[in-house]
Amino acid sequence: MIKALTISLTFFLLHFSLFAQNTDIDILKNINQNRNQNLDKPLNGISKSVYPLSVALPISLLGTGLINKDKNLQRQSLTSLASLAISMGTTYTLKKIINRDRPYITYPSIQPYYLEDDPAFPSGHTTAAFTTATSLSLTFKKWYVAVPAYTWAGAVAYSRMHLGVHYPSDVLAGAAIGAGSAWLCYKANRWLQRKK
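First, a word on what this report is: a plain description of the structure on this page. (Residues numbered from 1 in each chain as written. Predicted model: local features only at pLDDT ≥ 70, side-chain atom pairs only at ≥ 80, totals over all residues. Heavy atoms only, no water.)

1. Quick look at the overall build of the protein chain
Phase 1 of the analysis: Scanning the protein chain for helices and strands turns up 8 helices and 0 strands.
Phase 2 of the analysis: Secondary structure elements in the protein chain, listed N-terminal to C-terminal, are α-α-α-α-α-α-α-α.
Phase 3 of the analysis: Out of the 196 residues in the protein chain, the part that is buried amounts to 42%.
Phase 4 of the analysis: Within the protein chain, contacts between residues at least 6 apart in sequence are counted, and of these 79% link residues at least 24 apart.
Phase 5 of the analysis: In the form shown here, the protein chain has an accessible surface area of approximately 11200 Å², with 68% of it arising from carbon and sulfur atoms. (Helix = DSSP H or I, 4+ residues; strand = E, 2+ residues; numbered from the N terminus. Buried < 20%, exposed > 50% of the residue type's maximum accessible area, 1.4 Å probe, protein only. Contact = heavy atoms within 4.5 Å. Areas by Shrake-Rupley, 256 points an atom, 1.4 Å probe, with all protein chains shown as cover.)

Put into structure tokens, the structure is as follows:
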């Protein structure tokens, strides 16, 4: 009975894995091979904005908090920096452990805008973008902060597929790690403040 159950579970997981991989590459091929190449440069610019903005925004908020002697803004900006460090550390570790090839290596039909030499899973750009967007949205709970922040993060995620350097599952994992890290750090900060 247990042997039959184990065999059935193994077959199901293998079938699901193959289905998921096929869906992953099918979505990427549809995005990358049917892309408007006039958008390559602008979307590459959006991708390149990630790391400077992800560091500059919380540092600017920290500076503003120090100038205005706003302890809450100082804590929130430090929390944002901590969530960025945690999310990027998690992403870097997973990249090294999983060591997934870039899609254009496995599938020569994918047309990359440029080549990357590190592993693909998860997307570091998407992780940083969603960490930043979530941190900003939790710090300033206004729709006019959240909508542009998540629009930018979503554009970053899309750009990684458009440019042919990531699978959809890479960007989904990056978004989950980024948003999750920011949310957990925000909750930890609130818990610490209540403890004081």
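2. Notes on the environment of Val 50
Phase 1 of the analysis: One can find Val 50 in helix α3 (residues 50-67).
Phase 2 of the analysis: As for Val 50 and Thr 127, which are separated by 77 residues in sequence, their C-alpha atoms are 9.5 Å apart.
Phase 3 of the analysis: Look past the residues within four positions of Val 50 in its chain and what remains in contact with it is His 125, Ala 128, Ala 129, Trp 152 and Val 156.

3. Some thoughts on the packing of aromatic side chains
Phase 1 of the analysis: Summed over the entire model, instances satisfying the criterion amount to 4 aromatic pairs.
Phase 2 of the analysis: Plain terms: the ring middles of Tyr 107 and Tyr 167 are 6.4 Å apart, the flat faces sit at 80° to each other, and that makes the pair edge-to-face. Note that Tyr 107 is positioned in the loop between α5 (103-106) and α6 (124-139) and Tyr 167 in the loop between α7 (143-162) and α8 (168-195), a separation of 60 residues in sequence.
Phase 3 of the analysis: The class of Tyr 167 is buried, set by a relative accessible area of 2%.
Phase 4 of the analysis: Considering the side-chain rings of Phe 130 and Tyr 150, the 6.1 Å spacing of their centres and the 45° angle between planes classify their relative orientation as tilted. Separated by 20 residues along the polypeptide, Phe 130 in helix α6 and Tyr 150 in helix α7 bring together distant segments of the chain.
Phase 5 of the analysis: You can call Phe 130 buried: its relative accessible area is 14%. (Phe/Tyr/Trp six-rings, centres within 6.5 Å; stacked < 30°, edge-to-face > 60°.)

4. Points about the environment of Ala 182
Phase 1 of the analysis: As for its placement among the helices and strands, Ala 182 is situated in helix α8.
Phase 2 of the analysis: For Ala 182, a relative accessible area of 3% gives the class buried.
Phase 3 of the analysis: When the C-alpha positions of Ala 182 and Phe 130 are compared, they lie 8.3 Å apart, and in sequence the two are 52 residues distant.
Phase 4 of the analysis: Those residues in contact with Ala 182 that lie beyond four places of it in its chain are Ser 83, Thr 131, Thr 134, Ser 135 and Leu 138.

5. Some points on the nonpolar core
Phase 1 of the analysis: The biggest cluster of nonpolar side chains holds 21 residues, and the ones touching the most others in it are Leu 28, Val 50, Ala 129, Trp 152 and Ala 153.
Phase 2 of the analysis: Taken together, the elements giving at least two residues each to this core come down to α1 (2-33), α6, α7 and α8.
Phase 3 of the analysis: Sorting elements by how many residues they give to this core places α7 first, with 6 residues.
Phase 4 of the analysis: Discounting chain neighbours no more than four positions away, the residues touching Trp 152 are Ile 46, Ser 49, Val 50, Leu 53, Ser 54, Ala 129 and Thr 132. (Core = buried A, V, L, I, M, F, W, Y, C linked by side-chain atoms within 4.5 Å.)

6. Section: the side chain of Thr 131
Phase 1 of the analysis: Residue placement: Thr 131 occurs in helix α6.
Phase 2 of the analysis: The class for Thr 131 is buried, based on a relative accessible area of 1%.
Phase 3 of the analysis: At a separation of 2.7 Å, a polar atom in the side chain of Thr 131 contacts the main-chain carbonyl oxygen of Thr 127.
Phase 4 of the analysis: Ignoring any residue separated from it by four or fewer positions in sequence, one finds Thr 131 in contact with Ser 83, Leu 84, Ser 87, Gly 178, Ala 179 and Ala 182. (Polar contact = N/O pair within 3.5 Å; in protein donor to acceptor, adjacent residues only side chain to side chain.)

7. Some remarks on helix α4 (residues 71-98)
Phase 1 of the analysis: Helix length check: α4, at 28 residues, gives a terminal C-alpha distance of 40 Å against a target of 40 Å (1.5 Å per residue), a fit within 8%.
Phase 2 of the analysis: Along α4, the residues that are buried comprise Leu 73, Gln 74, Gln 76, Ser 77, Thr 79, Ser 80, Ser 83, Leu 84, Ser 87, Thr 91 and Lys 95.
Phase 3 of the analysis: On its buried side, α4 packs onto α3, α6 and α8.
Phase 4 of the analysis: One side-chain oxygen at the N-terminal end of α4 lies 3.1 Å from the backbone nitrogen of Asn 72; it belongs to Asp 70.
Phase 5 of the analysis: Downstream of α4 by one or two residues, Asn 99 has phi in the positive range, about 55°. (Expected span 1.5 Å × (residues − 1).)

8. Thoughts on α3
Phase 1 of the analysis: Helix length check: α3, at 18 residues, gives a terminal C-alpha distance of 26 Å against a target of 26 Å (1.5 Å per residue), a fit within 8%.
Phase 2 of the analysis: Considering only its buried residues, α3 is in contact with α2 (40-48), α4, α6 and α7.
Phase 3 of the analysis: Count one or two residues on from α3 and you reach Lys 69, which has phi positive near 55°.

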